[in-house]
Amino acid sequence: MTDSRVKVICVDGPSGSGKGTLARNLAEKLGYWYLDSGALYRIVAVVAKQRDIALDDVEGLAKLAGNIRALFKGDKVFHEGKDLSPEIRLETTAEMASRIAAYPEVREALEGTQRAYAEEPGLIADGRDMGTQIFPDAPLKIFLTASAEERALRRMKQLNELAEKNGEVDGQTGDNQLKNKDLNHFKSSDSLRALVKDIQARDERDRNRETSPLRPAEDAVEIDCTSMSIDEVLDQVLLLWNKSGEVASEV
Ligand code: C5P
């Protein structure tokens, strides 16, 4: 179970709401650890594909999930020494991750791994069920939302940045051309509409699954950040953290 002595701030919400950016900024500001729980589901998706584990092989997927030992270094993600970035950030991976995440067996297999991130001096946990399932005793739970259109725009910006970075870092050869084709797919306005639809379909699946559906914990603070800047959201959450009386002197 959760080690309630370690301070945890949960940041849950749907895709593209900006929770990743908020969580990373909070972790940096407070000097806390950061758990990107979505990346764990994405790693399971990428490794399952590499090992030809079928999407309906629940037992195989759960076994794989139980053995995931991810290493996060900056914005890179490694598994068994292999760099899985940028595969884990592709839309095709997100789609697979969302299907895999609906299996209770997979979710259960990842619970211990996620809780193990709660170490001193504290943790910012980013996901869908951090506040409801993984860290139910956390003293501060944020549920971040934004309109589907705004979320698709933010996601498109992220994908474009990733495509540019991928080109710069790895050159435009072989596999990377394929990856960039996938990333560049979202540049036109038609594609923006397609991205809105993709995001809505994923949210729908995340909200309606039986195990740990996407929903705010009863004691979560809901923030709609459609018309807020990253800094405004960060300031609001830091204020809440101060008011919670947990670490007034740290902020
Ligand atoms: O947050 P991210 O977009 O990386 O998550 C990818 C997918 O993993 C989500 O669509 C969701 O289905 C799943 N997920 C989850 N529970 C979490 C984090 C992510 O079900 N705590």
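Before any of the text, the structure's been laid out above.
A few points on the structure. What you see is a predicted model; the values in this text were computed from it and never measured.

### As for the overall build of the protein chain
1) Next: Scanning the protein chain from terminus to terminus reveals 10 helices and eight strands.
2) Next: Out of the 251 residues in the protein chain, the part that is buried amounts to 47%.
3) Next: In the protein chain, the proportion of contacts linking residues at least 24 apart, taken out of those at least 6 apart, comes to 77%.
4) Next: Just so you have it, the protein chain exposes about 12,500 Å², and 49% of that area is on carbon and sulfur atoms.

### Topic: the pattern of salt bridges
1) Next: Overall, the coordinates contain 16 salt bridges when judged by the stated rule.
2) Next: The closest approach of N and O atoms between Glu91 and Arg202, which form a salt bridge, is 3.2 Å. Taken together, the positions of Glu91 in helix H4 (residues 91–100) and Arg202 in helix H9 (residues 189–208) put the pair 111 residues apart, joining distant regions of the chain.
3) Next: Looking at Arg202, the relative accessible area reads 5%, which means it is buried.
4) Next: Where Arg154 meets Glu150, a salt bridge forms, and the shortest distance between an N and an O atom there is 3.0 Å. Separated by four residues within a single helix, Arg154 and Glu150 lie in helix H7 (residues 148–170), roughly one turn from each other.

### A look at the sheet that holds strand E6 (residues 123–127)
1) Next: Taken together, the five strands give an open sheet; going across it, the order is E2-E6-E1-E7-E8, and neighbouring strands pair in parallel fashion. Looking along the sheet, the strands with just one partner apiece sit at the ends: strand E2 (33–36) and strand E8 (221–224). When strand polarity is set aside, the average angle formed by the axes of neighbouring strands in this sheet is 20 degrees.
2) Next: As judged from the four bridges shared by strand E7 (residues 140–145) and E8, these two strands associate in the parallel manner. Each bridged residue has a counterpart across the sheet, and for Phe143 the counterpart in E8 is Glu222.
3) Next: Sitting on the sheet, helix H1 (residues 19–30) is in contact with strand E1 (8–12), E2, E6 and E7, with an inclination near 175 degrees to E6.
4) Next: The sheet strands contacting helix H2 (residues 37–50) are E2 and E6, and the helix crosses E2 at an angle near 45 degrees.

### Thoughts on the pairing of strand E3 (residues 70–73)
1) Next: Note that E3 and strand E4 (residues 76–79) share four bridges and pair antiparallel. By the bridge assignment for E4, Leu71 is matched with Phe78.
2) Next: Between E3 and E4, which pair antiparallel in sequence order, lie two residues; one of them, Gly74, sits at a positive phi of approximately 60 degrees.

### A look at the nonpolar core
1) Next: Core analysis: the biggest nonpolar cluster contains 36 residues, and Val8, Ile43, Val44, Val106 and Phe135 have the highest contact counts within it.
2) Next: Going through the elements one at a time, E1, H2, helix H3 (58–66), H4, helix H5 (104–115), E6 and helix H6 (130–134) are the ones with two or more residues in this core.
3) Next: Examining the composition of this core, we find that nine residues originate from one element, H2, more than from any other.
4) Next: Core analysis: the next-biggest nonpolar cluster, separate from the first, contains 20 residues, Leu30, Leu140, Leu144 and Ala146 among them.

### Quick notes on helix H10 (residues 230–243)
Helical geometry note: an α-helix holds 3.6 residues per turn, so side chains three or four residues apart project in the same direction.
1) Next: The first and last C-alpha atoms of H10 sit 20 Å apart over 14 residues, in line with the 20 Å expected at 1.5 Å per residue.
2) Next: Residues of H10 that are buried in the fold lie against E1, H1, E7 and E8.
3) Next: At the exit of H10 stands Gly245, carrying a positive phi of roughly 75 degrees.

### Concerning the site of the ligand
1) Next: As a matter of local geometry, the ligand sits amid 16 residues, with Arg42, Arg107, Arg128, Asp206 and Arg209 nearest to it.
2) Next: Contact between the ligand and Lys19: an oxygen atom at 3.3 Å from a side-chain N or O atom of the residue.
3) Next: A distance of 2.6 Å is found between an oxygen atom of the ligand and a side-chain nitrogen or oxygen belonging to Arg42.
4) Next: If the ligand stood free it would expose 450 Å²; the protein chains cover 96% of that surface.
5) Next: At the level of secondary structure, the elements contributing two or more residues to the shell around the ligand comprise H2, H4 and H9.

### Side note on unusual backbone geometry
1) Next: A cis geometry characterises the amide bond from Ser85 onward to Pro86, with omega recorded as 5 degrees.
2) Next: Turning to its location among the elements, Pro86 is positioned in the loop between strand E5 (82–83) and H4.
3) Next: Looking along the chain, the bond that leaves Glu120 and enters Pro121 is cis, with omega of 5 degrees.
4) Next: Tracing the backbone through its elements, the reader meets Pro121 in the loop between H5 and E6.
5) Next: Of note in this structure, Asp52 is not a glycine but carries a positive phi near 55 degrees.
6) Next: Note on placement: Asp52 falls in the loop between H2 and H3.
7) Next: Backbone geometry at Glu80 places phi at a positive 50 degrees, although glycine is not the residue there.
8) Next: Among the secondary structure elements, Glu80 is positioned in the loop between E4 and E5.

Quick notes on the rules
Residues numbered from 1 in each chain as written. Predicted model: local features only at pLDDT ≥ 70, side-chain atom pairs only at ≥ 80, totals over all residues. Heavy atoms only, no water. Helix = DSSP H or I, 4+ residues; strand = E, 2+ residues; numbered from the N terminus. Buried < 20%, exposed > 50% of the residue type's maximum accessible area, 1.4 Å probe, protein only. Contact = heavy atoms within 4.5 Å. Areas by Shrake-Rupley, 256 points an atom, 1.4 Å probe, with all protein chains shown as cover. Salt bridge = Lys/Arg side-chain N within 4 Å of Asp/Glu carboxyl O. Pairing = 2+ DSSP bridges. Axes fitted to C-alpha atoms, helices over the stretch in contact; angles between N-to-C directions. Core = buried A, V, L, I, M, F, W, Y, C linked by side-chain atoms within 4.5 Å. Expected span 1.5 Å × (residues − 1). Near = heavy atom within 4 Å. Polar contact = N/O pair within 3.5 Å; in protein donor to acceptor, adjacent residues only side chain to side chain.

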